[in-house]
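Fold and geometry: a report
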Amino acid sequence: MNQMLNLNESEMLALCKRVMNLEPCRRDCVVEREDGIDIDEWIMMRARSWYARLLMDGPLAWLPTQDIKDTVAVTNCGNGVVMAVYPSVFVRPVEWQLEGWHHSVSHFALPDDTIDMLQHNPWTRGGACNPVAVDHGNWMLLYSIDPQATPVLKMARCVTYPGTDRFVFNQAAIPTLEEALKQE
């Protein structure tokens, strides 16, 4: 059974050392050198890099997600277009829905792609039956709602950053950690 791990920095370092087979089998003595690199810092640098890539590109089942609708600032930009500005914990969108939409959006267009270009014209723009979300990185444009309506998010499920020196992920991701730690 797979489960989510919630590790602090020292627990993550211990996991990385286990994955790399660096744990000593004797614990009654310590060997220290002052003329080499800081192995713990080198491992943590690799672990942080792996975790950042995992949050951006990893399977959703391996990642911490939460509904952040109460922390997203939404504004009706007119003509039914809604702008949503993300809080700092946001990493990437998973599933969003505005009040009035018939279903949620789980595919997010990028600026200047074909889907985004179609949103510039009110006749080809998404609506309540076929909503569209264009992710601009720190904010999103949602298409569309009744131009007179006040926008209300029903759902804004996202991959979120758990905070400094925290690593939250499913234990199924550990084999990818092993690969990341082996790379030159």
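As a reminder, the structure under discussion sits directly above these lines.
Here's what I pulled together on the structure shown here. If you're wondering where the values come from, they're calculated on a predicted model, not measured in any experiment.

Rules and cut-offs
- Residues numbered from 1 in each chain as written.
- Predicted model: local features only at pLDDT ≥ 70, side-chain atom pairs only at ≥ 80, totals over all residues.
- Heavy atoms only, no water.
- Pairing = 2+ DSSP bridges.
- Helix = DSSP H or I, 4+ residues; strand = E, 2+ residues; numbered from the N terminus.
- Axes fitted to C-alpha atoms, helices over the stretch in contact; angles between N-to-C directions.
- Contact = heavy atoms within 4.5 Å.
- Parallel < 35°, antiparallel > 145°, perpendicular 65-115°, else oblique.
- Nonpolar A, V, L, I, M, F, W, Y, C, P; charged D, E, K, R; others polar.
- Buried < 20%, exposed > 50% of the residue type's maximum accessible area, 1.4 Å probe, protein only.
- Phe/Tyr/Trp six-rings, centres within 6.5 Å; stacked < 30°, edge-to-face > 60°.

1. Here we look at the sheet that holds strand 7 (residues 139–143)
Judged by pairing direction, the sheet is antiparallel, and its 4 strands sit side by side in the order 3-4-7-6 without closing on themselves. Because the sheet does not close on itself, it has two edges, and the strands there are strand 3 (73–78) and strand 6 (132–135). Shown here is a sheet whose adjacent strand axes are inclined to one another by a mean of 25 degrees, direction ignored. Pairing geometry for strand 4 (residues 81–85) and strand 7, over 5 bridges, is antiparallel. Looking across to strand 7, one finds that Met83 is bridged to Leu141.

2. Side note on the sheet that holds strand 8 (residues 153–160)
Read across the open sheet, the 3 strands follow the order 2-8-5; overall the sheet is antiparallel. Two strands lie at the open edges of the sheet, namely strand 2 (65–67) and strand 5 (90–98), each paired on one side alone. Going across the sheet, the axis of each strand differs from the next one's by a mean of 20 degrees, ignoring polarity. The sheet strands contacting helix 2 (residues 39–57) are strand 5 and strand 8, and the helix crosses strand 5 at an angle near 15 degrees.

3. Some details on the packing of helix 1 (residues 9–19) against helix 4 (residues 174–182)
At their nearest, the axes of helix 1 and helix 4 sit 10 Å apart, and the two run at 75 degrees to each other. With respect to each other, helix 1 and helix 4 are oriented roughly perpendicular. When helix 1 is examined against helix 4, the residues Met12, Leu15, Cys16 and Val19 are found in contact with a partner set consisting of Ile174, Leu177, Glu178 and Leu181. Counted by class, the contact of helix 1 with helix 4 contains 7 nonpolar, no polar and 1 charged residues.

4. Side note on unusual backbone geometry
The omega angle of the peptide bond from Tyr143 to Ser144 is -20 degrees, so this bond is cis rather than trans. Within the secondary structure layout, Ser144 lies in the loop between strand 7 and strand 8. Positive phi is not limited to glycine here, since Asn79 has a value of about 60 degrees. Within the secondary structure, Asn79 sits in the loop between strand 3 and strand 4. We note that Asp112 has phi near 70 degrees; this positive angle belongs to a residue other than glycine. Within the secondary structure, Asp112 is located in the loop between strand 5 and helix 3 (114–118). When its relative accessible area of 61% is taken as the criterion, Asp112 is described as exposed.

5. Considerations on the packing of aromatic side chains
This model, assessed by the stated rule, comprises 6 aromatic pairs. Judged by centre distance (6.2 Å) and plane angle (40 degrees), the ring pair of Trp50 and Tyr51 falls under tilted. One exposure class covers both Trp50 and Tyr51, and it is buried. Here the aromatic residues Trp50, Tyr51, Phe167 and Phe169 are joined through ring pairs into a cluster of three or more.

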